[in-house]
Amino acid sequence: MTTFLSGGTGTPKLLAGAESVFDPAETTVVANTGDDVELGGLLVCPDVDTVLFEQGDLLDLETWWGIADDTTETHAELHDIAEAADLAKGPRYLSDEAQTAGRHLANWRRFSGVAEFMELGDRDRAVHVTRTSLLDEGYSLTEVTRLLADAFDAPVDVVPMSDDPVASIVHTPEESDEYADEMHFQEFWVAHRGDPEVDHVEFRGGDEADPAPAALGAIEEGPVVVGPSNPVTSIGPMLAIEELHDALDRATVVAVSPFVEDEVFSGPAADLMAGVGFDPSTAGVAEAYPFADAFVLDDEDDTDLDRPVVRTDTEMNDAADAERVARAVADALEVL
């Protein structure tokens, strides 16, 4: 058994070439749910779905988001209606009272669907309708995720980190006319393109959340691979759950750095790491992952770490690149 921790696009890119290195039948992917939002009443699980779509050969590999060749007629109509009715565009965060008044799993991350600020494809939306409806029928998020994985013929086992709500909330130094002093990560990244200054990041609900039993069991069985995901908002929500953090401390863990020294491959990881007090670099990733027993670094990364290191070209543009990095991960596990 090998367990991958996944968030954003880094780990899904690694999984795209890992099949020949790690047997899919013996692979579990624990997906971050701190980025989830309830949008217009539908629970959207971006990091879960990126894995499901990639494993089901449905993922849009241009954006690494949503389903390839999807249409967006419903999204466009929502914007047309809002414009005709002179309704302000999103993100339209629901009131404080509403944030904990509905479906427990959606606490602290509820947005109106008026002029939705996240573009959902039509086929993609059908996934969210199915997920939300099954949750309302009494299924857990783990059960729903596994049902969707079966529907998409995903060869690996995909499970959420928790069946409880954990919301990644980005705090800014102070409220301004342009930005609130706190916002959900999706508002920070999708609506504002990571522009607001980061003071700190809160994983709201992490102290009370239980790990999904399947996620905890997979980490305990290990070994664990932390792909080149954002250490703050992709992996941080998992670390906020004490039992998952403790399980990682006990596990054999190899991590792939999303940096080449102080240059990040993509996304807001550098700004977020700096905002929460870590150096935005491979050295900072090592500090953020004290539980990691070994690292895979890029050939051009000369960072001196106090743990075993395997180097390769870690840039992943296609499945062959991903296979190369996966083999480096396997080599690092052999070292351990």
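Peer 1: How should I be thinking about the sheet that holds strand β10 (residues 224-226) in this particular structure?
Peer 2: As a general point, the strands of a sheet are linked pairwise by backbone hydrogen bonds and lie either parallel or antiparallel. The 7 strands lie next to each other as β6-β2-β1-β10-β11-β14-β15, forming an open sheet whose pairing is parallel. Looking at strand neighbours, the two that pair on one side only are β6 (157-160) and β15 (309-312), the edges of this open sheet. Strand-to-strand twist of the sheet, defined as the mean angle between neighbouring strand axes without regard to direction, takes the value 20 degrees. Across 4 bridges, the pairing between strand β2 (residues 27-31) and β6 is parallel. Pairing of Ala 31 across the sheet is with Pro 160, part of β6.

Peer 1: Hey, could you run me through the packing of helix α8 (residues 213-221) against helix α10 (residues 242-250) in this one?
Peer 2: With their axes 8 Å apart at the nearest point, α8 and α10 run at an angle of 15 degrees to one another. As the angle between them shows, α8 and α10 are arranged roughly parallel. Of the two elements, α8 crosses α10, and the hand of that crossing is left-handed. Seen from α8, the contacting residues are Ala 215, Leu 216, Ile 219 and Glu 220; seen from α10, they are Glu 243, Leu 244, Ala 247, Leu 248 and Arg 250. The residue inventory of the contact of α8 with α10, partitioned by class, reads 6 nonpolar, no polar and 3 charged.

Peer 1: For this particular structure, what's the right way to read the environment of Ala 18?
Peer 2: Checked against the element boundaries, Ala 18 lands in the loop between α1 (10-15) and β2. Between the C-alpha atom of Ala 18 and that of Ala 319, which follows or precedes it by 301 residues, the distance is 8.3 Å.

Peer 1: Just checking my understanding: could you explain the packing of aromatic side chains for this structure?
Peer 2: Each aromatic ring pair is described using two quantities: the centre-to-centre distance and the angle formed by the ring planes. Under the criterion given, the structure shown has 6 aromatic pairs. Consider the rings of Phe 53 and Phe 152, whose centres lie 5.7 Å apart with planes at 75 degrees: the pair is edge-to-face. Of this pair, Phe 53 sits in helix α2 (residues 46-55) while Phe 152 sits in the loop between α6 (141-151) and β6; the two residues are 99 residues apart in sequence, bridging distant segments of the chain. Pair check on accessibility: Phe 53 and Phe 152 agree, each one buried. Grouped by ring-pair contacts, the aromatic residues Tyr 93, Phe 111 and Phe 117 constitute a single cluster. In this arrangement the basic side chain of Arg 193 is found over the ring face of Trp 189, its NZ or CZ atom lying 4.7 Å from the centre.

Peer 1: Explanation requested: the side chain of Glu 54 in the structure shown.
Peer 2: Tracing the backbone shows Glu 54 in helix α2. Among buried Asp, Glu, Lys and Arg side chains, Glu 54 stands out as unpaired, with Lys 13 the closest opposite charge at 12 Å. Within the local environment of Glu 54, its side chain forms a polar contact with the side chain of Gln 55, the two groups lying 2.7 Å apart. Leave out the neighbours within four places in its chain, and Glu 54 touches Pro 12, Leu 15, Ala 16, Leu 59 and Trp 64.

Peer 1: For this particular structure, what's the right way to read the sheet that holds strand β9 (residues 200-204)?
Peer 2: One open sheet holds the 3 strands; their spatial order is β8-β7-β9, and the pairing between them is antiparallel. The open sheet terminates on both sides in strands that have one partner only, identified here as β8 (182-184) and β9. In this sheet, neighbouring strand axes are inclined to one another by 30 degrees on average, regardless of whether the strands run parallel or antiparallel. Pairing analysis gives 5 bridges linking strand β7 (residues 167-171) to β9, with the strands arranged antiparallel. Bridge pairing in β9 links Ser 168 to Phe 203.

Peer 1: Could you clarify how one ought to interpret the pattern of salt bridges in this entry?
Peer 2: A pair can form between side chains of opposite charge whenever their charged atoms are brought close. Using the criterion set out here, one finds 13 salt bridges in the structure. Note that Arg 103 and Asp 136 form a salt bridge whose closest N and O atoms lie 2.8 Å from each other. Taken together, the residues span a long stretch of sequence, with Arg 103 in the loop between α4 (96-99) and β5 (110-111) and Asp 136 in helix α5 (residues 122-136) at a distance of 33 residues. For Arg 103, a relative accessible area of 22% translates into the label partly exposed. Its relative accessible area of 53% is what places Asp 136 among the exposed residues. Two residues, Arg 324 and Asp 321, come together in a salt bridge whose shortest N-O distance is 3.0 Å. Residue Arg 324 and its partner Asp 321 are both found in helix α13 (residues 319-335); the two are separated by 3 residues, about one turn of the helix. Taking the relative accessible area as the measure of exposure, Arg 324 reaches 27% and is therefore partly exposed. Here the residues in one salt-bridge network are Glu 38, Arg 103, Arg 110 and Asp 136, joined through shared partners.

What counts, and where the lines are drawn
Residues numbered from 1 in each chain as written. Predicted model: local features only at pLDDT ≥ 70, side-chain atom pairs only at ≥ 80, totals over all residues. Heavy atoms only, no water. Pairing = 2+ DSSP bridges. Helix = DSSP H or I, 4+ residues; strand = E, 2+ residues; numbered from the N terminus. Axes fitted to C-alpha atoms, helices over the stretch in contact; angles between N-to-C directions. Parallel < 35°, antiparallel > 145°, perpendicular 65-115°, else oblique. Left-handed = near helix turned anticlockwise from the far one by under 90°. Contact = heavy atoms within 4.5 Å. Nonpolar A, V, L, I, M, F, W, Y, C, P; charged D, E, K, R; others polar. Phe/Tyr/Trp six-rings, centres within 6.5 Å; stacked < 30°, edge-to-face > 60°. Buried < 20%, exposed > 50% of the residue type's maximum accessible area, 1.4 Å probe, protein only. Lys NZ or Arg CZ within 6 Å of the ring centre and 35° of its normal. Lys, Arg positive; Asp, Glu negative; His and termini not counted. Salt bridge = Lys/Arg side-chain N within 4 Å of Asp/Glu carboxyl O. Polar contact = N/O pair within 3.5 Å; in protein donor to acceptor, adjacent residues only side chain to side chain.

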